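Residue strings, one per chain:
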Amino acid sequence: MKKFEAAMKVIEKEINEKNELNIQLIDQSSELVDEDEACDNEETYCNDLLNDEDTNENEVESPILIEYEDDDDNSDVEEGDHCDMKMGWVRCPPYMQLKSYHPLVALPPCILHDLLEGVLSYDSLMAVKYLVIYNFISIENLNLELKSFPYSQNETQSRPVLLPKTLQSLKKLKKMPGKGYSIATLVRVLPRIIEKHVICKDPTNYRENPAIKFISVMTELLEICLSDCFDSELLDNLKITTDDYFLLRNSLPVDIKTNLKPKHHYVSHLYDLIPFYGPPLLYSTARWESKHTEATMMQNASKNFRNVPLTVTRADQYRLASLLYEGLNPEDALEICSKEVQIKGSFVDQYKLEKTKIYDEIIYKATKYHRDGVLVLGISSRDKIEVGQIEHFLVDDSSKIRVLVKFATAVRENVFKYFYVNQDVINHKCIFIDDILSFKCLKAHGSYTNYVFSLYNAPVAK
């Protein structure tokens, strides 16, 4: 920016010198004409050089109006008007001349990117340092737990990065290693990993430990921000959770606490941003940011180093035309991933139609569902939900997909924020797949009647 301003000063100086030279030439030539005509010519010529600073009355006014302060003339500069050279890039940016763009409201901010890589990458490391330094769990045991944890199929590509083996190396870290979604997976599974270690270390007072509370609230904040829809109740919970997050962060020990970053202040405004822009998951840049490596591989595979975009975009257009062809892409976006299951003389018969086929695993609308996965069916409160563990998928000729589930009520654990099911009687229920509230198939740990699971996102009733 300093180089740009210096260049602008040089250009301004050259223009002023050129103007003075032109005015001198006009004065010399004015002897051959009348005084009145010379004055008129000089005034007209100078006005042409200044490019007519007065606004054109015939132009259509733009909705974007910006006021610039000037020592000589406090005038409004409208979109499309000529900007004086002395204003420069800062006072008269080119993007303000675009009719369909506003720098404050036109582009939604990537809330998930700022939350995961700008906030949780620092604060999750603070939580891990607390657990290790205060002997709740060793680095070796924590890495072992991260390796052996039974992740779901959705988390296999975003597993947490293992920590350094020594305490000195851990203390030197400034932020948690790994990409944004690997940090999200760490935040989601960390409460369940540390539960037995924390209870063993401090069985009486662990519920009042501010660091353990901070880890739980951090998990809850991520759960809310990953929701695919919001209502007024969930927004109120977001406001309360955000306030608790900063209060608990401030109560952490000084030896592990780091300074606040600008993104922390940004998180405090999520309550105002989400109602304006919508759920952060809908405009997250993570999916496209992860394609950078794939784009580089495509460039190398194209063998075209003169016009790589032409080769890649043409191949992508061919692929897209093939996918959107009516005969190849079914309307309901259903893909069968398993062989048909033959079940006779069981409770499934009461739900079967004449031409119903039974499967154990399907992909529906780009989401994979499998047997024993957990689906959210209803909401009683934030800490009590109705769930179903998948038994089979029933597909009819009309491609109406029904899911046969073991129906149960799940309750949230107060400290570590996971949900658990504990019941002796198994009740079956058949629902349409479009009626479920969770867009991810959650992984259950335990038996059919007693199991635990963690939410990927906070569900909202339809």
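The text that follows walks through the structure, step by step, so that each part is easy to find. What you are looking at is a predicted structure, and each value in this text was computed from that prediction instead of being measured.

**Some words on the pairing of strand 8 (residues 384–395)**
The element strand 8 is extensively covered by neighbouring structure, given that ten of its twelve residues are classed as buried. Pairing between strand 4 (residues 357–359) and strand 8: three bridges, direction antiparallel. Note on strand 8: the bridge partner recorded for Ile-358 is Leu-394. Bridge analysis of strand 7 (residues 374–381) against strand 8 gives six bridges, and the strand direction is antiparallel. In the strand pairing of strand 8, Val-376 is matched with Val-387. The hairpin turn running from strand 7 into strand 8, its antiparallel successor, is two residues long. Summarising the sheet, strand 8 and strand 9 (residues 401–412) pair through eleven bridges and their orientation is antiparallel. Paired with Phe-393 across the two strands is Val-403, which belongs to strand 9.

**Some details on the pattern of salt bridges**
Under the counting rule described, the total for this entry stands at twelve salt bridges. Across the pair Glu-391 and Arg-371 runs a salt bridge whose closest N-O atoms are separated by 3.6 Å. Highlighted residues: Glu-391 in strand 8 and Arg-371 in the loop between strand 6 (367–370) and strand 7, separated in sequence by 20 residues. The exposure class assigned to Glu-391 is buried, which follows from its relative accessible area of 8%. You can call Arg-371 partly exposed: its relative accessible area is 32%. Among the charged side chains, a network of salt bridges with common partners joins Glu-220, Glu-223, Arg-382, Asp-383, Arg-412 and Lys-417.

**Comments concerning the sheet that holds strand 5 (residues 361–364)**
An order of 3-5-6 is seen for the three strands of this open sheet, with the pairing classed as antiparallel. In the strand order of this sheet, the two ends are held by strand 3 (334–336) and strand 6, each with one partner. Each neighbouring strand pair of the sheet contributes to a mean axis angle of 20 degrees, computed without reference to strand direction. Here strand 3 runs beside strand 5; their pairing, made up of three bridges, is antiparallel. Residue pairing in the sheet places Leu-334 in a bridge with Tyr-364 of strand 5.

**Remarks on the nonpolar core**
Proteins that are soluble and globular tend to have nonpolar side chains buried together. Core analysis: the biggest nonpolar cluster contains 79 residues, and Leu-120, Leu-131, Ile-194, Val-387 and Phe-453 have the highest contact counts within it. Here this core takes 13 residues from helix 4 (residues 111–133), the largest share from any one element. Ignoring sequence-local partners within four residues, the contact set of Phe-453 consists of Arg-192, Val-374, Ile-385, Val-387, Ala-410, Tyr-418, Phe-419, Val-421, Leu-442, Lys-443 and Ala-444. Counting residues in hydrophobic clusters, the runner-up holds 18 residues, among them Ile-362, Val-405, Ile-431 and Cys-441.

**Quick look at unusual backbone geometry**
Despite not being glycine, Asp-372 has its phi angle at roughly 75 degrees, a positive value. As for its position among the elements, Asp-372 is in the loop between strand 6 and strand 7. Phi angles above zero are rare outside glycine, and Lys-417 is one such case at about 65 degrees. Within the secondary structure layout, Lys-417 lies in the loop between strand 9 and strand 10 (419–422).

**Comments concerning helix 4**
Taking 1.5 Å of rise per residue, 23 residues should cover 33 Å, and helix 4 covers 31 Å from first to last C-alpha, within 8% of that figure. Most of helix 4 is tucked away, with 20 of its 23 residues classed as buried. A positive backbone phi angle near 60 degrees is found at Asn-135, which sits one or two residues after helix 4.

**A look at the pairing of strand 13 (residues 450–453)**
Residues of strand 13 alternate between two faces, with Tyr-451 and Phe-453 buried on one and Asn-450 and Val-452 left unburied on the opposite face. With four bridges joining them, strand 10 and strand 13 adopt antiparallel strand pairing. The partner of Tyr-420 across the bridge, within strand 13, is Val-452. Sheet analysis places strand 12 (residues 445–446) next to strand 13, joined by two bridges and oriented antiparallel. Note on strand 13: the bridge partner recorded for Gly-446 is Tyr-451. Hairpin connection from strand 12 to strand 13: three residues lie between these consecutive antiparallel strands.

**Considerations on the packing of aromatic side chains**
Summed over the entire model, instances satisfying the criterion amount to ten aromatic pairs. Summarising the aromatic geometry, the rings of Tyr-130 and Phe-136 are spaced 5.7 Å apart at their centres and angled 25 degrees between planes, so their arrangement reads as stacked. Each of the two residues, Tyr-130 as well as Phe-136, counts as buried. Through successive ring pairs, a cluster of aromatic residues spans Tyr-130, Tyr-134 and Phe-136.

**Concerning the packing of helix 9 (residues 232–250) against helix 11 (residues 270–277)**
Look at helix 9 against helix 11: their axes get within 9 Å of each other, and the N-to-C directions meet at 155 degrees. Between helix 9 and helix 11, the angle is such that the two are roughly antiparallel. In contact with Leu-235, Asp-236, Leu-238 and Lys-239 of helix 9, helix 11 contributes Leu-270, Tyr-271, Ile-274 and Pro-275. Of the residues that constitute the contact of helix 9 with helix 11, the class distribution is six nonpolar, no polar and two charged.

**Focus: the packing of helix 4 against helix 7 (residues 180–201)**
As a packed pair, helix 4 and helix 7 sit with axes 9 Å apart at the nearest point and diverge in direction by 25 degrees. The angle between helix 4 and helix 7 falls in the class roughly parallel. With respect to the hand of their crossing, helix 4 and helix 7 are arranged in left-handed fashion. Along the contact surface, helix 4 presents Leu-112, Leu-116, Glu-117, Leu-120, Ser-121, Ser-124 and Leu-131, while helix 7 presents Gly-180, Tyr-181, Ile-183, Ala-184, Leu-186, Val-187, Ile-194 and Val-198. Each residue belonging to the contact of helix 4 with helix 7 can be placed in one class, and the counts come to eleven nonpolar, three polar and one charged.

Parameters at a glance
Residues numbered from 1 in each chain as written. Predicted model: local features only at pLDDT ≥ 70, side-chain atom pairs only at ≥ 80, totals over all residues. Heavy atoms only, no water. Buried < 20%, exposed > 50% of the residue type's maximum accessible area, 1.4 Å probe, protein only. Helix = DSSP H or I, 4+ residues; strand = E, 2+ residues; numbered from the N terminus. Pairing = 2+ DSSP bridges. Salt bridge = Lys/Arg side-chain N within 4 Å of Asp/Glu carboxyl O. Axes fitted to C-alpha atoms, helices over the stretch in contact; angles between N-to-C directions. Core = buried A, V, L, I, M, F, W, Y, C linked by side-chain atoms within 4.5 Å. Contact = heavy atoms within 4.5 Å. Expected span 1.5 Å × (residues − 1). Phe/Tyr/Trp six-rings, centres within 6.5 Å; stacked < 30°, edge-to-face > 60°. Parallel < 35°, antiparallel > 145°, perpendicular 65-115°, else oblique. Nonpolar A, V, L, I, M, F, W, Y, C, P; charged D, E, K, R; others polar. Left-handed = near helix turned anticlockwise from the far one by under 90°.

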